[in-house]
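# Descriptive analysis of the structure
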Amino acid sequence: MSRLAVPKTYKLYIGGKFPRSESGRTYEVVTKRGAFLANAAKASRKDARDAVVAARSALSGWANATPYNRGQVLYRIAELLEGRRAQFVDEIVSSEGVSASAATRQVDEAIDRWVWYAGWADKYVQVTGNANPVSGPYFNLSVPEPTGVVAIVAPQDSSLLGLVSVVAPALVAGNTVVVIASERLPLSAISLSEVLATSDVPGGVVNILTGSAGEITPWLASHADVNALDLTGAAALDWVDLEIAAADTLKRVLRPEGGTDLAAPSLDRITALTETKTVWHTKSLI
Amino acid sequence: MSFLDYAPAPESTAILNLKSDYGLFINGEFVDGHGTPFATISPATEKTIATIASANDEDVDRAVAAARRAYDKTWSRMSGADRGKYLFRIARLVQERARELAVAESLDNGKPIKESRDVDVPLVAAWFFYYAGWADKLDYAGAGANPASLGVAGQIIPWNFPLLMLAWKIAPALAAGNTVVLKPAETTPLTALLFAEILQQADLPPGVVNIVTGAGATGSAIVNHPDVNKVAFTGSTNVGRGIARAIAGTDKRVTLELGGKAANIVFDDAPIDQAIEGIVNGIFFNQGHVCCAGSRLLVQESIHDEVVDRLKERLSTLRLGDPLDKNTDIGAVNSAAQLDRIRTLSDIGEAEGAERWSPDCVIPTDGFWFPPTIFTNVSTSHRIARDEVFGPVLSVLTFRTPAEAIAKANNTPYGLSAGIWSDKGSRILAVADKLRAGVIWANTFNRFDPASPFGGYKESGYGREGGRHGLAAYLKPAGTARTVTASPASDATDSAITTTKESAK
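Residues numbered from 1 in each chain as written. Chains lettered and ligands numbered in written order. Predicted model: local features only at pLDDT ≥ 70, side-chain atom pairs only at ≥ 80, totals over all residues. Heavy atoms only, no water.

At the junction of the two partners, chain A supplies 43 residues and chain B supplies 52 residues. Taken together, both faces of the contact between chain A and chain B bury some 3,600 Å²; the carbon and sulfur share is 51%. By the criterion of area lost to chain B, the three top residues of chain A are Leu250, Arg255 and Trp280 of chain A, representing 20% of everything that side buries. Across the chain A-chain B interface, the total number found is 3 salt bridges. At the boundary of chain A with chain B, the tally comes to 29 residue pairs in polar contact (both at pLDDT 80 or more). Among the secondary structure elements, those contributing two or more residues to the side of chain A that touches chain B are helix H5 (124-128), strand S4 (138-146), helix H9 (239-247), strand S9 (252-254), helix H10 (267-271) and strand S10 (274-282) of chain A. The element that contributes the greatest number of residues to the side of chain A that touches chain B is S10 of chain A, accounting for 8 residues. Each residue belonging to the side of chain A that touches chain B can be placed in one class, and the counts come to 15 nonpolar, 17 polar and 11 charged. As paired strands, S10 of chain A and strand S18 (residues 439-442) of chain B are joined by 4 bridges and run parallel to one another. Looking across to S18 of chain B, one finds that threonine 278 of chain A is bridged to valine 439 of chain B. (Contact = heavy atoms within 4.5 Å. Buried area = accessible area lost by both parts, 1.4 Å probe. Salt bridge = Lys/Arg side-chain N within 4 Å of Asp/Glu carboxyl O. Polar contact = N/O pair within 3.5 Å; in protein donor to acceptor, adjacent residues only side chain to side chain. Helix = DSSP H or I, 4+ residues; strand = E, 2+ residues; numbered from the N terminus. Nonpolar A, V, L, I, M, F, W, Y, C, P; charged D, E, K, R; others polar. Pairing = 2+ DSSP bridges.)

Laid out in C-alpha cells, this is it:
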C-alpha cells in the first residue's frame, strides 16, 4: 500500500527563521513539463528590507569570527549537504527535469565548492594582503576586510550550484548576504536554507528570498544599507538600471555573467567583495 | 617684532619659464583646443598666470584616438623593461626640475611652498620610480601570469594635489601597459602642462600620454567616450556617483577615490605633543583641501580641555600668507567657489550651535583665504560633523569609551581614512580593526607613500591607488575577461553629463 506523501511548505529564510512573505503572496513552482510542484513564497519589498536588517545585524558577529571558525562553519555546510544529497538530487530532477546523474553532478559540485571556499577563509588574507615597504619608520600593512552586506541575484538556470557559487565566496571574507534565488528553480534554495539553519551559520548571515528577481532587486540595488550588489544571475533583468541605482550609494557592483559555468570558483570572487585596509603604525626611534 | 615674526622669504619665480598660452597635449605635441580658452589664476593674488586651452568633444576624441593608436602600435607591444625605463626617466626628470614644479604648483594651487617642495613633488618622483620597477614584474602583481593591460585609461584628477594626483594616475597606468588621456582640474592645469614638457624631454612615444584641459564637460566627454576602457577619477563623491552611473552597462572598468570625513581619535594616554602636531597636520595640511583630512577630532572627554587649549595655542603660531614664502604654514584657498563653500558650511556650524574659534590672523586683501578654524561643542548631527568641508575647519567631538569612539568614527557614509592616537599598541590594533576606513594612521596622519595602497570604503569610492594593489586597477588576468551577456542600454551613458558639470575636485 502506497503511503500518502507529506509535502513541504517552502518559505523564505530571513534572520535564521522561515517566515512566509509578509505580503501573503505565493507563486506556483512547476516541473519542466508544467506539473505543480509547490507554492513558493513571493517575497516583497518589505521582505527584502527585513532581510537587509537581518544581514546588517549579523555582520559584526560573522565578520569578526576568527577565520578558522568561519572556515569550519562553511565546511560544516558541505558536511550537512553531503548527508542530504538524495533530497537535493530528487528536487533537482523534478524541478529541472534533468537525469539523476546530471542532478548528482550538480549536487556534488556544489558540495565541493563549499569545501573549496571553506579552505580559503584563513588564507585569502595572506594571499591578497601585504606588508608595504614605505620610506619611513612605519610598520605598514594592507589587509582585505569584508565589504559588508551583499545583495546577490543568483544564477537563474541552476537550482543549487549557481546559488552556492555566488553565496559561498561572499561568505568567506565575512560578508553577510541577501540572495534572490532562481525564480523558476527556487526549491533547492529553500532546502539549502534548512541546511544552513541546522549548521552553525548564525541566523542572518545568509538570507534567501524567493520570488520575482525583477521585482525585488531594484529595492536592494537602491537600499542605502547594502554595500555591494552581485548581479551575476541578473543578465535577463534590466541590470543597467540596477547598476545605475547602485551608483547612488556607490555600491560595489559585479556585473552579470554569461556562459555555461556561471561564477566559476575563483579567488577573484572572494576579493571582489572585500576592501583593502592599510594601517600605518609608527615605530619609535631607539 | 615678536619671536614669531619673520622677514619675508619668498621663493623666486625666476626659475619658471612659463608661456602665456598653453594648448592641449595630444599625440606628443601641444595643439590648439576648440573650446573656449580659460585663464588659470593664482589664488593668492587672483592674477592670471596663463591662458589655457579648453578641449571640446572633438578634441577629446582626437586625444582618445591618439591614445588608442599609441596603445595598439607602440605601448602594448613594448617590453615591460622598456616601459619601465621610460618611467624611470620621467622620475629623474621630475627630480631634476623639482624646484620649478614646486614653484609652479604653489603659484597655481595656493599651497605653501614648503609642502609642494617637501611633499608633493618628491612624492611625484617617488611614484614614478616605484611603478617604473613594476613594469617588467607584472607577473607578481597578483593577477596571475602574463596579465593584460586594459587599453586606454581616461583619468580625471582634482585640484588639491595637482601633480601628485597626476602621478598617482599615470604611473601605474603606464607601468601596466595602458595609454592615458588625463584631464587636470580647471583651476590647476599648470603643472600637468609642465609635465607634458617633461614627457617630451623623456621622448615618451607620442600618444602614450595625452593631457586635455577643460572643465566638467571635458571630463564628461572622457568618461563617456566609447573607446575608453578604464576610468579613474579622484574628486567629489557627487561627481563620482555620476561617473558610476555613466559607466553602468558598459564594460569600462572604474576606480573612484572620493570624499571623506575622517575621524582622528585621541585617547587619554596619547603622546600629547605628537598628537597636537598630528591633529594640526591632519586638518590644516594643504589648507584642509585633502580628501583624507582628519576633519573630525574625537577626543576622550577627560583630556578635551587640555587638547583644545593646546590646539588653540598651536594654531596661534601658524603663519597664513604668501604660498611662495618658505615660512608660510597656511596658503590660499584654491578658488573663490571653494572659499564660498567653506564659509557657508562654517556659518551653518555656528548657526547650529557649535562654538567657532580662529586665531587672530591678518587676511591678505587679494586672493582667497580662510583662517584655521576650530569648532567645539559639536554634535554628530551637525553638518560640520557630517559634510566634507574641504577646508581648514576642524570639528571637535568627545567620547568616553573606545566603543563610543568607534561608533562615532564610523557614523558617516564616508570611509576613506582615520587616525588613532594612543600609547597602547594593543588598543590601537583593536580599534584599527573596527574602523571602516581604507587608510588608518596610528600616531601619525596624512602619510603617503607609493608603496602603500590608498582608497576608501563605502561612499569614499572603490579601488586602491599605490602599492601592488594599485596595479590591479589597470590590469586584468590573461584570457579571463568576463563576458557581459546583455547589451548596454542606450540612454544609460547620458546620465553623467549633467552631474559631471559640477567641477571635479
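This brings us to the sheet that holds strand S5 (residues 149-153) of chain A. Residue and element names in this part refer to chain A. Read from one edge of the open sheet, 5 strands run S7-S6-S5-S8-S9, paired in parallel fashion. Of all the strands in the sheet, the pair left with one neighbour each is strand S7 (206-209) and S9. Each neighbouring strand pair of the sheet contributes to a mean axis angle of 15°, computed without reference to strand direction. The pairing of S5 with strand S8 (residues 228-230) spans 3 bridges and is classified as parallel. Directly across from isoleucine 152, in S8, lies its bridge partner aspartate 230. (Axes fitted to C-alpha atoms, helices over the stretch in contact; angles between N-to-C directions.)

With that settled, the discussion passes to the sheet that holds strand S4 (residues 38-41) of chain B. Residues and elements named next belong to chain B. Sheet architecture is open: 3 strands sit in the order S1-S5-S4, paired in mixed fashion. Of all strands in the sheet, those bounded by a partner on one side alone are strand S1 (21-22) and S4. One ladder, built from 4 bridges, connects S4 with strand S5 (residues 48-52); its direction is antiparallel. Considered in S5, the bridge of phenylalanine 38 is made with isoleucine 52.

This part takes up the domain arrangement of chain B. All names here are of chain B. Domains assigned within chain B are domain 1 (21-258 + 456-499) and domain 2 (263-442). Tallying the contact residues gives 32 residues for domain 1 and 33 residues for domain 2. Buried surface at the junction of domain 1 and domain 2, summed over both partners, amounts to about 2,700 Å²; 57% is from carbon and sulfur atoms. When the buried surface of domain 1 facing domain 2 is broken down by residue, Trp159, Tyr457 and Lys458 rank first, second and third, together holding 22% of it. Run the count over domain 1 and domain 2 and you get 1 salt bridge. (Domains from an automatic or database assignment.)

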